[in-house]
Amino acid sequence: MEELLLWLAKNLNWVVPMVITAIFSALNIRLAVINRKVAENQAQLQNDSFCYQLFERRMAIYTSIKETISTVMTDSTASIPLINKYLQNTRDALFLFGDEIAGKIDQLYKMMVELRTVSVKLEHDAKIQNTSSAHDKLCERECELLKQISNFGSHLREDFSLYISFGDYRIGQRTVRE
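Residues numbered from 1 in each chain as written. Predicted model: local features only at pLDDT ≥ 70, side-chain atom pairs only at ≥ 80, totals over all residues. Heavy atoms only, no water.

Would you take a moment to explain the packing of aromatic side chains for this structure?
Two aromatic rings are characterised by how far apart their centres lie and by the angle between their planes. Scanning the entire structure with this criterion turns up four aromatic pairs. Relative to Phe-160, the ring of Tyr-62 has its centre 5.4 Å away and its plane inclined at 55°; by these criteria the two rings are tilted. You can see Tyr-62 sitting in helix H2 (residues 12-75) and its partner Phe-160 sitting in helix H7 (residues 156-164), a full 98 residues away along the chain. In this structure, Tyr-62 and Phe-160 share a single accessibility class: buried. Ring geometry for Phe-97 versus Tyr-163: centroids 5.3 Å apart, planes at 85°, classification edge-to-face. Placement of the pair is Phe-97 in the loop between helix H4 (93-96) and helix H5 (99-127) and Tyr-163 in helix H7, with a sequence separation of 66 residues. Three or more aromatic residues link up through ring pairs in this structure, and these residues are Tyr-62, Phe-97, Phe-160 and Tyr-163. (Phe/Tyr/Trp six-rings, centres within 6.5 Å; stacked < 30°, edge-to-face > 60°. Helix = DSSP H or I, 4+ residues; strand = E, 2+ residues; numbered from the N terminus. Buried < 20%, exposed > 50% of the residue type's maximum accessible area, 1.4 Å probe, protein only.)

Quick look at the structure:
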């Protein structure tokens, strides 16, 4: 034992720095592992936050469309302010949903514009007391458009469910359904 202590005393100048280096190396490895776990947790938190923000923006468009359809069906017409509000609320749809939903949103817009045009013509005919066959065709077209808009509303949930459902999302996944 004395020999070991004597050897240690003679070689203290290089043994101590080597021991300290080994300790700090082990601590650095432990710190790197902790930093990696923190980075993974931050990435997961960012992913979850992104999914939630995407959900909120998509849900706002879905809700806006439902409210617009409800208003059209209640009023049996589409006012210019309602159409403008619809356009404003759905302007990001192409980027948030893709072509399929954006196409459906555009289709609803076109139906509302046509309904507005038909309604204005019918109001004009009512003022001048026009009861021609053209007036009857306008009444039929208005009814047909309202049915199409109502049908659009009844399929809204299934059209949007792929985009606003969390059914396929699990905590820990890093993919977002597009």
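Additional details are given in the paragraphs that follow.
Would you take a moment to explain the side chain of Ser-119 for this structure?
For Ser-119, the location among the structural elements is in helix H5. Apart from residues no more than four positions distant in its own chain, Ser-119 is found in contact with Ser-76, Thr-77 and Glu-142. (Contact = heavy atoms within 4.5 Å.)

Sorry if this is basic, but what is going on with the environment of Tyr-163 here?
Tyr-163 gets classed as buried once you look at its relative accessible area, which sits at 10%. Along the backbone, Tyr-163 and Phe-97 are 66 residues apart, and their C-alpha atoms lie at a distance of 7.0 Å. Within the local environment of Tyr-163, its side chain forms a polar contact with the backbone oxygen of Phe-97, the two atoms lying 3.4 Å apart. (Polar contact = N/O pair within 3.5 Å; in protein donor to acceptor, adjacent residues only side chain to side chain.)

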